[in-house]
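Architecture at a glance
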Amino acid sequence: MTTDPYDLPDVSGLVVGVLGGTGDQGRGLALRLARAGQKVIIGSRAAERAEAAAAELGLGVEGADNAECARRSDVVIIAVPWDGHAATLTALREELRGKLVVDCVNPLGFDKKGAYAIKPEEGSAAEQAAALLPESRVTAAFHHLSAVLLQDESVERIDTDVMVLGEKRADTDIVQALAARIPGMRGVFAGRLRGAHQVEALVANLISVNRRYKAHAGLRVTDV
Ligand SMILES: NC(=O)c1ccc[n+]([C@@H]2O[C@H](COP(=O)([O-])OP(=O)(O)OC[C@H]3O[C@@H](n4cnc5c(N)ncnc54)[C@H](OP(=O)(O)O)[C@@H]3O)[C@@H](O)[C@H]2O)c1
């Protein structure tokens, strides 16, 4: 039996948590999802920082420490820096059990030539998450977004596609549907987690595009 790839589930009732949601990417995603009507909880290492960020955003967004954020959410976006990725997930293994985890972490280094991709031992940040969280449903998405555009309240549409990777179709469909709630954005299935490194690494190229053209580049997958 085949299923229409454009037929996505209704995700409007899901609670979305954002670990590291006080940062640029997490705050931007929280804003966009909350604007689309999603219930969002921002997570932080310090509850009061999350509460302050949530109060600034309004739109019913709540703040909590990362553990409570994970516990109360159905879908948990990981938006912490690569440096803190493994330790954050290891500490939250219990709270993340059974949850749909969406990793958007790009392991990058910077030197005088610009940004370059780091290849983690596990293959990618997303595969590291899957290894550290064997009882969670790990997916990868939202790597190619500009946090500047996400956070700019005057920008109505985020015209970009989001590559969504994961092992289970039911999970990647949910993440695609979440992306599709944001005006201008689509979620496009882009394979299993073993393909996550290419997707994470491409951000180094987008940073070069942004520097040359003074842009906030996104991506479109054509003919889909
Ligand atoms: N910025 C972008 O345009 C963009 C686009 C796509 C993907 N991403 C990815 O999204 C992630 C977050 O990016 P960002 O620019 O938002 O980063 P960021 O602002 O530097 O960090 C996000 C939040 O993570 C928390 N944090 C910082 N160091 C941590 C550590 N060692 N352990 C645990 N938590 C820590 C901080 O929150 P608290 O201090 O409140 O805990 C911080 O506000 C990165 O992995 C990046 O690759 C970023």
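Since the structure is predicted, the reported quantities are computational estimates derived from the model, not experimental observations.

A separate point is the overall build of the protein. Scanning the protein for helices and strands turns up eight helices and ten strands. The globule rule puts the C-alpha radius of gyration for 224 residues at 17 Å, and the 16 Å found for the protein is close to it. C-alpha atoms of the protein, sized along the principal axes, occupy 50 × 40 × 40 Å. Considering only intrachain contacts with a sequence separation of at least 6, the fraction spanning at least 24 residues in the protein is 72%. Summing over all exposed atoms, the protein offers an accessible surface of approximately 10,800 Å²; the carbon and sulfur share of this is 50%. When the 26 positive and 30 negative side-chain charges of the protein are each reduced to one mean point, those points stand 4 Å apart.

It is worth spelling out the sheet that holds strand β2 (residues 39–44) at this point. On the basis of which strands lie adjacent, the open sheet formed by eight strands has the order β3-β2-β1-β4-β5-β8-β9-β10 and mixed pairing. Two strands in the sheet have a free side with no partner beyond their single neighbour: β3 (62–65) and β10 (185–189). When strand polarity is set aside, the average angle formed by the axes of neighbouring strands in this sheet is 30°. Of the pairings in the sheet, the one linking strand β4 (residues 75–78) to strand β5 (residues 100–103) comprises four bridges and is parallel in character. The residue bridging Val-75 from the neighbouring strand is Leu-100, located in β5. Here helix α7 (residues 169–180) sits on the sheet in contact with β1 (15–19), β4, β5, β8 (137–140), β9 (160–166) and β10, set at roughly 165° to β10.

On to the packing of helix α4 (residues 82–91) against helix α5 (residues 125–132), then. For the pair α4 and α5, the least separation of the axes is 9 Å and the interaxial angle reads 15°. Classified by the angle between their axes, α4 and α5 sit roughly parallel to one another. Once α4 is placed against α5, the crossing between them reads as right-handed. Each of Trp-82, His-85, Ala-86, Leu-89 and Thr-90 in α4 lies in contact with α5, whose residues at this interface are Ala-125, Gln-128, Ala-129 and Leu-132. Classifying every residue of the contact of α4 with α5 gives six nonpolar, three polar and no charged.

Bringing the site of the ligand into the picture now. Lining the immediate surroundings of the ligand are 21 residues, of which Thr-22, Gln-25, Ser-44, Arg-45 and Val-80 lie closest. Contact between the ligand and Thr-22: an oxygen atom at 2.6 Å from a side-chain N or O atom of the residue. The contact in question runs from an oxygen atom of the ligand to an N or O atom on the backbone of Val-80, over 2.7 Å. Surface burial for the ligand is 74%, taken as the share of its 890 Å² of free accessible area covered by protein chains. The leading source of residues in the shell around the ligand is α4, at three residues. Of the residues that constitute the shell around the ligand, the class distribution is nine nonpolar, nine polar and three charged.

Cut-off values and rules
- Residues numbered from 1 in each chain as written.
- Predicted model: local features only at pLDDT ≥ 70, side-chain atom pairs only at ≥ 80, totals over all residues.
- Heavy atoms only, no water.
- Helix = DSSP H or I, 4+ residues; strand = E, 2+ residues; numbered from the N terminus.
- Rg over C-alpha atoms; globule rule 2.2 N^0.38 Å.
- Contact = heavy atoms within 4.5 Å.
- Areas by Shrake-Rupley, 256 points an atom, 1.4 Å probe, with all protein chains shown as cover.
- Lys, Arg positive; Asp, Glu negative; His and termini not counted.
- Charge placed at Lys NZ, Arg CZ, Asp CG, Glu CD.
- Pairing = 2+ DSSP bridges.
- Axes fitted to C-alpha atoms, helices over the stretch in contact; angles between N-to-C directions.
- Parallel < 35°, antiparallel > 145°, perpendicular 65-115°, else oblique.
- Left-handed = near helix turned anticlockwise from the far one by under 90°.
- Nonpolar A, V, L, I, M, F, W, Y, C, P; charged D, E, K, R; others polar.
- Near = heavy atom within 4 Å.
- Polar contact = N/O pair within 3.5 Å; in protein donor to acceptor, adjacent residues only side chain to side chain.

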